[in-house]
Amino acid sequence: WLRGRKVALLAHPASVDAAGVHASVRLHAALGKRLVALFGPEHGFHGRGGAGEHIRDERHPAWGIPIHSLYGAQRRPSTAMLDGLDVLIFDLQDLAVRCYTFVTTLRYVLEAAAETGVSVIVCDRPVPLPGTVDGPMLDPAFTSFVAGVPAPLVYGLTPGEAARWLVAKLKLDVDLQVASLR
């Protein structure tokens, strides 16, 4: 999925492997200069922002690549942010609860990728209550960043399942791959 491609990673501090190594470190070691950008969600790539605190764009201090904030001046990846990318890897641990902003960020990434032709790889991660569905459906009148997907409050899907569901539900034409849990 990555061979010969320019790659970006959307991650946060919990984006680690079983050995505790961050996904960005693994990707940088494997791809070198083909890892061309990083993205951070609410709380930021480094996880230093408080709830609701806007995070500014920055550059990685060692690698010199941009770290685009998706919780600052804008919450959707812009065409300029995606320019020159072949694939964006989405690797966020989530709770599968609609009011947590990571699922809305996933939606925005999938929509932007569909508009620009960038491929998306979602790293599937376990959720605390898999398959649990509870609470009211989103009233479309109240759609917002903390209510950005047409789902019950607790939707019980892993990030990979949520990505596949969003692509189908929103009829997005996007090249989506899911790195399975298994």
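Residues numbered from 1 in each chain as written. Predicted model: local features only at pLDDT ≥ 70, side-chain atom pairs only at ≥ 80, totals over all residues. Heavy atoms only, no water.

(A) The arrangement of the overall build of the chain in detail. Counting its secondary structure elements, the chain contains 4 helices and 9 strands. Starting at the N terminus and ending at the C terminus, the chain contains elements arranged as β-α-β-β-β-α-β-α-β-β-β-α-β. Taken against the 2.2 N^0.38 rule, which gives 16 Å for 182 residues, the C-alpha radius of gyration of the chain at 15 Å falls within 12% of a compact globule. Overall size of the chain, expressed as C-alpha extent along the three principal axes, is 45 × 35 × 35 Å. The proportion of buried residues among the 182 residues of the chain is 49%. Element-wise, carbon and sulfur atoms account for 55% of the exposed surface of the chain, whose accessible area totals about 9000 Å². Between the averaged position of the 18 positive side-chain charges in the chain and that of its 17 negative side-chain charges there is a distance of 5 Å. (Helix = DSSP H or I, 4+ residues; strand = E, 2+ residues; numbered from the N terminus. Rg over C-alpha atoms; globule rule 2.2 N^0.38 Å. Buried < 20%, exposed > 50% of the residue type's maximum accessible area, 1.4 Å probe, protein only. Areas by Shrake-Rupley, 256 points an atom, 1.4 Å probe, with all protein chains shown as cover. Lys, Arg positive; Asp, Glu negative; His and termini not counted. Charge placed at Lys NZ, Arg CZ, Asp CG, Glu CD.)

(B) Just the nonpolar core, in detail. Grouped together as the largest cluster of nonpolar side chains are 34 residues, with contacts concentrated most on Phe39, Leu110 and Leu176. At the level of elements, β1 (7–11), β2 (35–40), α2 (79–82), β5 (87–91), α3 (102–116), β6 (119–123), α4 (159–169) and β9 (176–179) are the ones that each hand at least two residues to this core. Top contributing element to this core by residue count: α3, with 7 residues. Among residues more than four places away in sequence, those in contact with Leu110 are Val120, Ala163, Leu166, Val167, Leu172, Val174 and Leu176. By size, the runner-up hydrophobic cluster in this structure holds 15 residues, among which are Leu27, Leu35, Leu38 and Val87. (Core = buried A, V, L, I, M, F, W, Y, C linked by side-chain atoms within 4.5 Å. Contact = heavy atoms within 4.5 Å.)

(C) Expanded view of the packing of aromatic side chains. Inspection of every chain in the model, using the stated rule, returns 2 aromatic pairs. Taking the centre distance of 5.7 Å and the plane angle of 40 degrees together, the rings of Tyr71 and Phe145 count as tilted. Of this pair, Tyr71 sits in the loop between β4 (66–69) and α2 while Phe145 sits in the loop between β7 (134–137) and β8 (152–154), and the two are 74 residues apart along the sequence. As far as the burial class goes, Tyr71 and Phe145 line up, both buried. An aromatic cluster is defined as three or more aromatic residues linked by ring pairs; in this entry it consists of Tyr71, Tyr108 and Phe145. A cation over an aromatic ring shows up here: Arg76 above the ring of Tyr108, its NZ or CZ 3.7 Å from the ring centre. (Phe/Tyr/Trp six-rings, centres within 6.5 Å; stacked < 30°, edge-to-face > 60°. Lys NZ or Arg CZ within 6 Å of the ring centre and 35° of its normal.)

(D) Local environment of the side chain of His12. Counting through the fold element by element, His12 comes out in the loop between β1 and α1 (23–31). Looking at His12, its side chain comes within polar contact range of the main-chain nitrogen of Gln93, at 2.9 Å. (Polar contact = N/O pair within 3.5 Å; in protein donor to acceptor, adjacent residues only side chain to side chain.)

(E) Broad picture of the sheet that holds β1. On the basis of which strands lie adjacent, the open sheet formed by 7 strands has the order β3-β4-β2-β1-β5-β6-β9 and mixed pairing. The sheet is open, and its two edges are formed by β3 (58–59) and β9, each paired on a single side. Across 3 bridges, β2 lies against β4 in parallel orientation. Bridged to Gly40 within β4 is Ser69. Relative to β2, α1 is tilted by about 170 degrees, and along the sheet it contacts β1, β2 and β5. The strands touched by α4 within the sheet are β6 and β9, with β9 carrying the most contacts at an inclination of about 160 degrees. (Pairing = 2+ DSSP bridges. Axes fitted to C-alpha atoms, helices over the stretch in contact; angles between N-to-C directions.)

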